[in-house]
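The residues making up each chain are set out below.
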Amino acid sequence: MPTIQLIKGDITKQAVDAIVNAANTSLLGGGGVDGAIHRAAGPELGFECRMLHGCKTGDAKLTKGYRLPAKYIIHAVGPVWRGGHQGEAELLASCYRRAIEIASENNLTSLAFPNISTGIYGYPKDKAAAVAITTIQQCLEQPTSVQTIFFVCFEVDNFDLYEQRLQQ
Ligand code: AR6
């Protein structure tokens, strides 16, 4: 049975098969966790990302992890929160599903997610936690190579929200 684990910390430090990035449609880097991942992985990551020609919102693309302890990075593009009636929940769920699909296609077993869209993109943290946990639980009911999911929360409020929901 695949397991879900909760971590309070920095996703760039996680030694897993792949960490997921909360990227933007350009895939050329930015602030938040995206900036931290690009800094930690080194400039080679930027070179590979430039070859990918961007990524649609709700989708994801794989690169190598370069100087990270993680072997790969799955760059997922979450939605900007615009009040909740612009398909945000479906787009956010799609990021988590696509990341699991890409991990399975590459036979990866351990995957770490940040709290996609809950920083600069403004998605309410409680709503995002509900989408993330429900979607991941649904994905893990299907056949997949992924055996361990880590939710890596950088902020204590996100950590507390996940802890409450995962205990239910
Ligand atoms: N490890 C884990 N989580 C982190 C880290 C870290 N090192 N640093 C920040 N977070 P954000 P978004 C958390 O803003 O809302 C970028 O400019 C952070 O506390 O990084 O999806 C991209 O290029 C928050 O909970 O991503 C896009 O333009 C979560 O990561 C845009 O931001 C996501 O916050 C994407 O916005």
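Definitions and limits used
Residues numbered from 1 in each chain as written. Predicted model: local features only at pLDDT ≥ 70, side-chain atom pairs only at ≥ 80, totals over all residues. Heavy atoms only, no water. Pairing = 2+ DSSP bridges. Helix = DSSP H or I, 4+ residues; strand = E, 2+ residues; numbered from the N terminus. Axes fitted to C-alpha atoms, helices over the stretch in contact; angles between N-to-C directions. Contact = heavy atoms within 4.5 Å. Near = heavy atom within 4 Å. Polar contact = N/O pair within 3.5 Å; in protein donor to acceptor, adjacent residues only side chain to side chain. Areas by Shrake-Rupley, 256 points an atom, 1.4 Å probe, with all protein chains shown as cover. Nonpolar A, V, L, I, M, F, W, Y, C, P; charged D, E, K, R; others polar. UniProt positions renumbered as here; feature names shortened; annotations may be inferred. Disulfide = S-S within 2.5 Å. Buried < 20%, exposed > 50% of the residue type's maximum accessible area, 1.4 Å probe, protein only. Parallel < 35°, antiparallel > 145°, perpendicular 65-115°, else oblique. Left-handed = near helix turned anticlockwise from the far one by under 90°. Salt bridge = Lys/Arg side-chain N within 4 Å of Asp/Glu carboxyl O. Phe/Tyr/Trp six-rings, centres within 6.5 Å; stacked < 30°, edge-to-face > 60°.

Some points on the sheet that holds strand β1 (residues 3-8)
On the basis of which strands lie adjacent, the open sheet formed by six strands has the order β1-β6-β5-β2-β4-β3 and mixed pairing. Two strands lie at the open edges of the sheet, namely β1 and β3 (60-64), each paired on one side alone. Sheet twist, expressed as the average angle between the axes of neighbouring strands with direction ignored, equals 25 degrees. Summarising the sheet, strand β5 (residues 110-113) and strand β6 (residues 148-153) pair through four bridges and their orientation is parallel. For alanine 112, the partnering residue across the bridge sits in β6 and is phenylalanine 150. Packing of helix α3 (residues 88-105) onto the sheet brings it into contact with β2 (18-23), β3, β4 (72-77), β5 and β6, and relative to β5 it is tilted by some 155 degrees. In this fold helix α4 (residues 125-140) packs onto β1, β5 and β6, with an angle of close to 170 degrees to the strand it touches most, β6.

A short note on the site of the ligand
The environment of the ligand is formed by 23 residues, the closest being Asn24, Gly31, Val33, Asp34 and Glu155. Contacts to the ligand include threonine 118, whose side-chain N or O atom sits 2.9 Å from an oxygen atom. Within the backbone of isoleucine 120, one N or O atom sits 2.8 Å away from an oxygen atom of the ligand. Computed on the free molecule, the ligand has an accessible area of 700 Å², of which 93% lies beneath the protein chains in the complex. Secondary structure elements with two or more residues in the shell around the ligand: β2 and α1 (32-41). Residue composition of the shell around the ligand, by class: nine nonpolar, 11 polar and three charged.

Some remarks on the UniProt feature "domain: Macro" (unreviewed entry) in the protein
The UniProt record marks residues 1-168 with the feature "domain: Macro" (unreviewed entry), using the residue numbering of this structure. The span residues 1-168 shows a helical share of 38% and a strand share of 20%, and its end C-alpha atoms are spaced 18 Å apart.

Side note on the state of the cysteines
Taken as a whole and assessed by the stated rule, the structure comprises zero disulfides. Take cysteine 139: it sits in no disulfide, and the sulfur closest to it among the cysteines is that of cysteine 95, at 12 Å. Take cysteine 139: its relative accessible area is 12%, and that puts it in the buried class. Cysteine 153 takes part in no disulfide bond, and the closest cysteine sulfur, belonging to cysteine 95, lies 16 Å away.

Concerning the packing of α3 against α4
Contact pair α3 / α4: the axes reach a minimum separation of 9 Å and the direction vectors enclose 40 degrees. In this view, α3 runs oblique relative to α4, as classed from their interaxial angle. By crossing handedness, the relation of α3 to α4 is classed as right-handed. Only Ala128, Val131, Ala132, Thr135, Ile136 and Cys139 of α4 make contact with α3, whose side of the interface consists of Ala89, Leu92, Ala93, Tyr96, Arg97 and Ile100. In the contact of α3 with α4, the residues fall into 10 nonpolar, one polar and one charged.

Regarding the pattern of salt bridges
A complete count under the given rule lists seven salt bridges for this structure. Ionic pairing is found between arginine 98 and aspartate 59, a salt bridge with its closest N-O pair at 2.7 Å. One end of the pair, arginine 98, is in helix α3; the other, aspartate 59, is in the loop between α2 (43-50) and β3, and 39 residues separate them in sequence. Classification of arginine 98 by relative accessible area gives partly exposed; the value is 23%. A relative accessible area of 24% means that aspartate 59 is categorised as partly exposed.

Quick notes on the packing of aromatic side chains
Summed over the entire model, instances satisfying the criterion amount to four aromatic pairs. Taken together, a centroid distance of 4.9 Å and an interplanar angle of 35 degrees make the contact between tyrosine 96 and phenylalanine 113 tilted. Note that tyrosine 96 is positioned in helix α3 and phenylalanine 113 in strand β5, a separation of 17 residues in sequence. By relative accessible area, tyrosine 96 is classed as buried at 1%. The exposure class of phenylalanine 113 is buried, given its relative accessible area of 0%. Taken together, a centroid distance of 6.3 Å and an interplanar angle of 40 degrees make the contact between phenylalanine 113 and phenylalanine 151 tilted. Taken together, the positions of phenylalanine 113 in strand β5 and phenylalanine 151 in strand β6 put the pair 38 residues apart, joining distant regions of the chain. The pair phenylalanine 113 / phenylalanine 151 is uniform in exposure class, with both members buried. Three or more aromatic residues link up through ring pairs in this structure, and these residues are Tyr96, Phe113, Phe151 and Tyr162.

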